[in-house]
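# Working through the structure, step by step
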Amino acid sequence: MLATVHKENAYPLNWPTDPAGWLTPRSLLAVWVAEGEGEEGIIGHVLLADSDAGNAAAALWTDGPTAVINRLYVDPVARGRGVGAELMARAVAEAESRALHPVLDVASTATAAAALYERLGWTLLAAEVEQEWLPGQWVKLRSYAAPTS
């Protein structure tokens, strides 16, 4: 499914040399998948990670400790069913249970993802932050924080 999402939506932006490792980074706190009905299998994925120095949204949030939501993707055939929103809600709840505020960065070209975060009430912290993802590859990001309770 990750290969399909990458091919159709350029996510992840750069295909990882180790996809399994990309899905389980050292900073991993928790991970969830969504399962479809019948023969659909896994139709979505999200993870919660420790904040690190390379995360723009975590650096922009100044009101306490954070956790980063990332690796969110939904099988294109399962979109429109609320899968992404359900995965986000689970990751947010887990972050809050750890007294961490959820934040995330998204490539500025990922307009559908940004629209989801905005529909869910996330606050835009910065509309355009440039970050070097690979040597010589600078990516423009939008940084978001979850709504405060």
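Here the structure is a predicted model, which is why all the values come from computation and not from measurement.

A tally of helices and strands in the protein chain yields five helices and six strands. When its helices and strands are written in sequence order, the protein chain yields α-α-β-β-α-β-α-β-α-β-β. By the compact-globule yardstick of 15 Å for 149 residues, the protein chain fits well, its C-alpha radius of gyration being 15 Å. The burial tally for the protein chain puts 40% of its 149 residues in the buried class. Of the contacts made within the protein chain by residues no fewer than 6 positions apart, 57% connect residues no fewer than 24 positions apart. Just so you have it, the protein chain exposes about 8100 Å², and 52% of that area is on carbon and sulfur atoms. For the protein chain, the distance from the average position of its 10 positive side-chain charges to the average position of its 18 negative side-chain charges is 3 Å.

Sheet architecture is open: six strands sit in the order β1-β2-β3-β4-β6-β5, paired in mixed fashion. What marks the edges here is a single partner per strand, and that holds for β1 (28-35) and β5 (123-134). Averaged over neighbouring strand pairs, the angle between their axes works out to 30° when direction is ignored. Judged from the three bridges that link them, strand β3 (residues 66-74) and strand β4 (residues 101-107) form a sheet pairing that is parallel. Each residue of the ladder has a partner; that of valine 68, found in β4, is valine 103. Packing of helix α5 (residues 111-119) onto the sheet brings it into contact with β3, β4 and β6 (137-145), and relative to β6 it is tilted by some 15°.

Bridge analysis of β5 against β6 gives eight bridges, and the strand direction is antiparallel. When the sheet's bridge partners are listed, valine 129 is paired in β6 with leucine 141. Hairpin remark: β5 followed by β6, antiparallel, with two residues in the connecting loop; positive phi at glycine 136, about 85°.

Taken as a whole and judged by the stated rule, the model has five salt bridges. For the salt bridge of glutamate 40 with arginine 81, the shortest nitrogen-to-oxygen distance reads 2.6 Å. Placement of glutamate 40 in the loop between β1 and β2 (42-50) and of arginine 81 in the loop between β3 and α4 (83-97) is noted, with a sequence separation of 41 residues between them. Judged by its relative accessible area of 31%, glutamate 40 is partly exposed. Exposure remark for arginine 81: the relative accessible area of 42% places this residue in the partly exposed category.

Another aspect to go through is the packing of aromatic side chains. Under the counting rule described, the total for this entry stands at four aromatic pairs. Ring centres 5.8 Å apart and planes at 65° place the aromatic pair tyrosine 11 and tryptophan 22 in the edge-to-face group. In this pair, tyrosine 11 sits in the loop between α1 (2-9) and α2 (19-23) while tryptophan 22 sits in helix α2, placing the two residues 11 residues apart along the sequence. The buried category is assigned to tryptophan 22, whose relative accessible area is 18%. An angle of 45° between the planes, with centres 6.5 Å apart, marks the rings of tyrosine 11 and tyrosine 73 as tilted. With tyrosine 11 in the loop between α1 and α2 and tyrosine 73 in strand β3, this residue pair connects regions lying 62 residues apart in the sequence.

Among the secondary structure elements, glutamate 94 is positioned in helix α4. Apart from residues no more than four positions distant in its own chain, glutamate 94 is found in contact with Ala30, Trp32 and Leu48.

Conventions used here
- Note that residues are indexed from 1 along each chain, following the sequence as it is written.
- pLDDT decides what is reported in this predicted model: residues at 70 or higher carry local features, side-chain atom pairs at 80 or more are listed and counted, and totals for whole chains, interfaces and linings draw on all residues regardless.
- Remark: hydrogens and water are excluded; side-chain values derive from all non-hydrogen atoms of the structure.
- Helix and strand definitions follow DSSP, with helices as H or I runs of at least four residues and strands as E runs of at least two, each counted in order from the N terminus.
- For the radius of gyration, the atom set is restricted to C-alpha positions; the globular benchmark scales as 2.2 Å times the number of residues to the power 0.38.
- Only protein chains enter the accessibility calculation, which uses a 1.4 Å probe; a residue is then buried when its area is under 20% of its type maximum, exposed when over 50%, and partly exposed in between.
- Here a residue-residue contact requires only that any non-hydrogen atoms of the pair lie within 4.5 Å.
- Each accessible area is a Shrake-Rupley result for a 1.4 Å probe, and residues are judged covered by the shown protein chains and nothing else.
- Neither His nor the chain ends contribute to the count of charged residues, in which Lys and Arg are positive and Asp and Glu negative.
- Throughout, a charge is located at the NZ atom of Lys, the CZ atom of Arg, the CG atom of Asp or the CD atom of Glu.
- Two strands make a pair as long as DSSP finds a minimum of two bridges between them.
- Throughout, an axis means a line fitted to C-alpha atoms (over the contacting stretch in the case of helices), and angles, computed between N-to-C directions, take values from 0 to 180 degrees.
- A carboxyl oxygen of Asp or Glu within 4 Å of a side-chain nitrogen of Lys or Arg is what we treat as a salt bridge.
- Any two of the Phe, Tyr and Trp rings considered here, Trp counted by its six-membered ring, make a pair once their centres fall within 6.5 Å; the pair's planes then place it as stacked at under 30 degrees, edge-to-face at over 60, or tilted in between.

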